[in-house]
Amino acid sequence: RFLGTWKDRMDMSVQNGWNIIGSISGPVGTGDVIPNNVTVISQYFEYDGGYNPVQTLEPGQGYWVKVSGSGTLTLPYQYLALYRANDDPRPLVDEFTLVDSLGFRQRLFISNGGDRVEMPPDAPNGAGISVRFTSGNFQEIVRPEDGRVALPISLHRVRYPVTLRWRVNPANGISYWIKNGNTP
C-alpha cells in the first residue's frame, strides 16, 4: 500500500539511451505515453529476474525504455481508455523461454519479419538471470529464405539445471535445431 498525493499526469525526464522510469497513480498504456523532444526506440520492459515487455505501466513499478535524444515522457492517466491487452503484442513470432532451477525466466523471440528488438542493459551482478541473444537483442529476425542461421544465446547467472520451453508458430515457416555450443 502506498500513501501520498494522487498523480494523474507526470513528465519523466529521460536522456539519450536506456532509462528507468516510474509510473503515476494509475495504470498507463504504453501507447498513451507522450514523447516530448525524444523518440522512443524500444519497447517498455519490466524486470522480474528477467526482462519482459509490457503494454501497461503499473503504479509503483519501474520500467526500462530506450529513447533517442533528451527530453521527457509524459505519462497521462486515461480514465476511460486504458489499454490492458492480455494478448502478446507479437502474435507472429516464435517464443523461447529459459527457466533456471530457482524459477527465474527469460523469454526470447524470433520472427520472420519486423524489427530486431534490443534488450535493456544487463541487471547488476546477483540480480536474477541474464539470458539474451549474443547480439544483445530480445527479438531476432530470421526469414526462411536465409537458410540455416545461427542465433547464439548467452546465459549468465543461471542456476542449473535449466529448462527450455518453446512455442513455434508454423505460419512463420522457420525450423529450429537446438545444440550445445560445443557440438558441431
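Residues numbered from 1 in each chain as written. Predicted model: local features only at pLDDT ≥ 70, side-chain atom pairs only at ≥ 80, totals over all residues. Heavy atoms only, no water.

**Q** Lay out the sheet that holds strand β17 (residues 163–167) in plain terms, naming residues and giving numbers.
**A** Across a sheet, paired strands are connected by hydrogen bonds in the backbone, their directions being either parallel or antiparallel. The five strands lie next to each other as β13-β15-β12-β11-β17, forming an open sheet whose pairing is mixed. A single partner strand is all that each edge strand has here, and the edge strands are β13 (117–118) and β17. Of the strand pairs in this sheet, strand β12 (residues 105–111) and strand β15 (residues 137–141) are connected by three bridges, and their pairing is parallel. Looking at β15, one finds that Ser-111 is bridged to Ile-141. (Pairing = 2+ DSSP bridges. Helix = DSSP H or I, 4+ residues; strand = E, 2+ residues; numbered from the N terminus.)

**Q** Outline the nonpolar core, supporting the account with residue identities and numerical values.
**A** Membership of the largest hydrophobic core comes to 19 residues, with the highest contact counts inside it found for Phe-45, Leu-108, Ile-110, Val-131 and Phe-138. Elements with a contribution of two residues or more to this core: β11 (93–99), β12 and β14 (130–133). (Core = buried A, V, L, I, M, F, W, Y, C linked by side-chain atoms within 4.5 Å. Buried < 20%, exposed > 50% of the residue type's maximum accessible area, 1.4 Å probe, protein only.)

**Q** Account for the pairing of strand β9 (residues 63–68), naming residues and giving values.
**A** It is a general feature of regular strands that their side chains alternate between the two faces of the sheet. The buried fraction of β9 amounts to five of the six residues, a majority that puts the element mostly inside the structure. Summarising the sheet, strand β2 (residues 17–21) and β9 pair through five bridges and their orientation is antiparallel. Bridge assignment links Asn-19 to a residue of β9, and that residue is Val-65. Pairing between strand β5 (residues 39–40) and β9: two bridges, direction antiparallel. Of the residues in β9, the one forming a bridge with Thr-39 is Ser-68.

**Q** Can you explain the sheet that holds strand β4 (residues 34–36)? Please cite residues and give values.
**A** Strand order in the open sheet made by the three strands is β1-β10-β4, with antiparallel pairing throughout. Edge strands, defined here as strands with exactly one partner in the open sheet, are β1 (9–14) and β4. Each strand of the sheet is rotated relative to its neighbour by a mean of 25°, with strand direction disregarded. Pairing analysis gives six bridges linking β1 to strand β10 (residues 71–76), with the strands arranged antiparallel. By the bridge assignment, Met-10 is partnered in β10 with Leu-75. (Axes fitted to C-alpha atoms, helices over the stretch in contact; angles between N-to-C directions.)

**Q** Just give me the short version of the environment of Tyr-44, but keep the residues and values in it.
**A** Secondary-structure assignment places Tyr-44 in strand β6 (residues 44–47). Taking the relative accessible area as the measure of exposure, Tyr-44 reaches 6% and is therefore buried. Residues Tyr-44 and Gln-55, 11 residues apart in the sequence, show an inter-C-alpha distance of 7.5 Å. Setting aside residues up to four positions removed in sequence, Tyr-44 forms contacts with Ile-21, Thr-30, Val-33, Asn-52, Pro-53, Val-54, Leu-57, Trp-64, Val-65 and Leu-73. (Contact = heavy atoms within 4.5 Å.)

**Q** I'd like to hear about unusual backbone geometry, residue by residue, with values.
**A** Omega for the peptide link from Tyr-160 to Pro-161 comes to 5°, which places this bond in the cis form. Here Pro-161 is to be found in the loop between β16 (153–156) and β17. Of note, the phi angle at Asn-37 is positive, near 65°, even though the residue is not glycine. In this structure, Asn-37 sits in the loop between β4 and β5. Overall, the relative accessible area of 72% leaves Asn-37 in the exposed class. Here Arg-157, not a glycine, exhibits a phi torsion of approximately 60°, which is positive.

No statement about biological role is implied by the geometric values presented.
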